[in-house]
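Secondary and tertiary structure notes
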Amino acid sequence: MRGVDFFAGRRMVETPSGRISYIEHGGGPVALFVHGVLLNSYLWRHQFAHLRGLRRCIAVDLLAHGDTEISDAQDVSVTANAHMLAQFLDAMKIDRVDLVGNDSGGGICQIFAALYPNRIRTLALTNCDAHDNWPPEAFKPFVAMVAAGGLATTLNAMLADKSIYRSPQALGPAYERPEAVSDDTIETYLRPFIRSPRRTHDLERFVNAFDCRHTVGIEKRLGLVRAPTLIAWGTDDIFFDLKWSHWLEKTIPGTKRRVEFKSARIFFPEERSSEFNQELRAHWVAAAENAA
């Protein structure tokens, strides 16, 4: 599905954290999907296509991402994003969700789970920041580039020449098959960040706020999360080593299953969507059966 088609049904809702952009499809209990840095809700298009018969699937654009509109001075840290999710659910009059996160979105989901445990029916975490691995070592050159003021130049270069995005020096290592990432996907992810200098600066603020204190600080509370939890991990991720899936399994007492996707990398919800969707479906069905 092309980005323009996916976002044809885009909606907005006002919250104390800003005007949040979101997409929803399907019916039934709500599943809330949370993307990571440099992306937007388009990450979850394959989940929407195949799981909307089982869930009311909702994906938000994080603060400083996609079409979400925020103020110049507000906090855009990962903890602020976790609070935004709670505000979003309040605005939508949604009590509890099946929460799914990837990359920095998975870290935000951990913070949300720690701070708002009663709002989670189930939790599913894919390759993501955890504990003191934020930002991960392999992402630190990008963080340093942003801090040095190079973000606008880098974004424009990747949009002008899509092969740069797919290269080993940019986002190529995030994919098992970077050569298969379409120009449309790259446009859909990156174009919103350069719509104005303000949008670019918002992303700068998001990246500059990366600090592992946000996830280290919720470790004890994370140890109290008993919502049924799925840990799904790509084994070849240079950002989030397999050891972090074990750490999460050990730390979150609600963990019911930890599964490995051999050779997969961080964005496997796109590349290995069929396998991941099967795991999500089984996770939700098992949780519902055990709750009955």
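In every chain, residue numbers begin from 1 and rise along the written sequence. Local features in this predicted model are restricted to residues whose pLDDT is 70 or higher, and side-chain atom pairs enter the listing and the counts only when it is 80 or higher, whereas totals over whole chains, interfaces and linings include all residues. Computation of side-chain values covers all heavy atoms of the structure but excludes hydrogens and water.

**Looking at the pattern of salt bridges**
Counted only if it meets this: By definition here, a salt bridge exists when the distance from a side-chain nitrogen of Lys or Arg to a carboxyl oxygen of Asp or Glu is within 4 Å. Only DSSP runs of H or I with at least four residues qualify as helices, and only runs of E with at least two residues qualify as strands; both kinds are numbered from the N terminus onward. Buried, partly exposed and exposed residues are distinguished by accessible area as a fraction of the type maximum, computed with a 1.4 Å probe on protein chains only: under 20%, between the cut-offs, and over 50%, respectively.
This model, assessed by the stated rule, comprises 24 salt bridges. Its salt-bridge partner being E14, residue R19 comes within 3.4 Å of it at the nearest N-O pair. Of the charged contacts in the structure, one is a salt bridge between R272 and E176, with a shortest N-O distance of 2.9 Å. With R272 in the loop between α13 (268-271) and α14 (273-291) and E176 in the loop between α7 (162-165) and α8 (183-190), this pair connects stretches of sequence that are 96 residues apart. Residue R272 is classed as buried on the basis of its relative accessible area, which comes to 13%. With a relative accessible area of 28%, E176 lands in the partly exposed category.

**What to know about the nonpolar core**
This is how it is decided: For this analysis, a nonpolar core means a set of buried residues of the types Ala, Val, Leu, Ile, Met, Phe, Trp, Tyr and Cys, connected via side-chain atoms within 4.5 Å. Working rule for contacts: check all heavy atoms of both residues, and any pair within 4.5 Å makes them a contact.
In terms of nonpolar packing, the biggest core is built from 99 residues, with F33, F88, Y165, L190 and L248 touching the most fellow members. With 9 residues, the top contributor of residues to this core is helix α3 (residues 78-92). If we skip the residues at most four places from it in the chain, F33 touches W44, Q47, F48, C57, I58, A59, V60, V100, L280 and W284.

**Considering the layout of surface pockets**
To be explicit about the condition: Buried and open spaces are told apart on a 1 Å grid over the protein atoms alone, a cavity being a set of points where a 1.4 Å probe fits but cannot get out and a pocket being an open set with protein on both sides within 12 Å along at least five of seven lines. Residues with an atom within 4 Å of a point are the lining residues. Grid points are joined across faces, edges and corners, and a volume is the space filled by probe spheres set on the points. All residues other than Ala, Val, Leu, Ile, Met, Phe, Trp, Tyr, Cys, Pro, Asp, Glu, Lys and Arg, Gly among them, are scored as polar; the first ten of these are nonpolar and the last four charged.
Put simply, the largest pocket is a space of about 420 Å³. Around the largest pocket, the lining comprises 27 residues; the ones closest to its centre are F139, F142, Q169, A170 and L171. Elements with a contribution of two residues or more to the lining of the largest pocket: α5 (140-147) and α6 (151-160). Among the residues forming the lining of the largest pocket, the class breakdown is 22 nonpolar, 3 polar and 2 charged.

**A word on the sheet that holds strand β7 (residues 229-234)**
The line we're drawing: Paired strands, as defined in this entry, are two strands with at least two bridges between them according to DSSP. A fitted line through C-alpha atoms represents every axis, and for helices the fit uses only the stretch in contact; the resulting angles, taken between N-to-C directions, go from 0 to 180 degrees.
With mixed pairing, 8 strands are arranged side by side in an open sheet as β1-β2-β4-β3-β5-β6-β7-β8. The sheet is open, and its two borders are formed by β1 (11-15) and β8 (255-261), each paired with just one other strand. Neighbour to neighbour, the strand axes of the sheet diverge by 20° on average, direction disregarded. Inspection of the sheet shows β7 paired to β8 by 6 bridges, in the parallel sense. Bridge pairing in β8 links A232 to V259. Together, β3 (30-34), β5 (97-103), β6 (120-128), β7 and β8 form the strand contacts of α14, whose direction differs from that of β6 by roughly 155°.

**Thoughts on the packing of α3 against helix α4 (residues 104-115)**
Selection criterion: Here a crossing is taken to be left-handed if its near helix is turned anticlockwise relative to the far helix by less than a right angle, and right-handed if that turn runs clockwise.
In contact at an axis separation of 8 Å, α3 and α4 are set at 65° when each is read in the N-to-C sense. Considering how the two elements wind past one another, α3 and α4 form a crossing that is right-handed. Along the contact surface, α3 presents V78, T79, N81, A82, H83, L85, A86 and L89, while α4 presents I108, I111, F112 and L115. Looking at the contact of α3 with α4, its residues break down into 9 nonpolar, 3 polar and no charged.

**Details of the pairing of β7**
With 6 of 6 residues buried, β7 lies mostly within the body of the structure. Here β7 shows no split at all, with T229, I231 and W233 on one side and L230, A232 and G234 on the other all buried. In this structure, β6 lies alongside β7, joined through 3 bridges in parallel fashion. Each residue of the ladder has a partner; that of L125, found in β7, is I231.

**Quick word on the packing of aromatic side chains**
Quick note on the threshold: Between rings of Phe, Tyr and Trp, where Trp is taken as its six-membered ring, a pair exists when centres lie within 6.5 Å; planes separated by under 30 degrees are stacked, by over 60 edge-to-face, and by other angles tilted.
Under the defined criterion, the tally for this structure stands at 20 aromatic pairs. With centroids separated by 5.8 Å and ring planes inclined at 55°, the aromatic side chains of F33 and F48 adopt a geometry described as tilted. On the criterion of sequence distance, the pair formed by F33 in strand β3 and F48 in helix α2 (residues 45-51) is long-range, its members being 15 residues apart. Accessibility assignment for this pair places F33 and F48 in one class, buried. One aromatic cluster is present, built from ring pairs that chain together F6, F7, F33, Y42, W44, F48 and Y189.

**A closer look at unusual backbone geometry**
With an omega dihedral of -5°, the bond running from W134 to P135 counts as a cis peptide bond. By the element assignment, P135 lies in the loop between β6 and α5. With phi around 75°, L38 is a residue other than glycine that occupies positive phi space. Looking at the secondary structure, you find L38 in the loop between β3 and α2. Overall, the relative accessible area of 3% leaves L38 in the buried class. With a phi close to 50°, H131 is a non-glycine residue in the positive phi region. What makes H131 buried here is its relative accessible area of 16%.

**Side note on empty space enclosed by the protein**
Under the criterion given, the structure shown has 1 cavity of 30 Å³ or more. Roughly 50 Å³ of volume is contained in the largest cavity. Lining the largest cavity we find A64, H65, G66, T68, I70, P192, F193, R199 and D202. Of the residues that constitute the lining of the largest cavity, the class distribution is 4 nonpolar, 3 polar and 2 charged.

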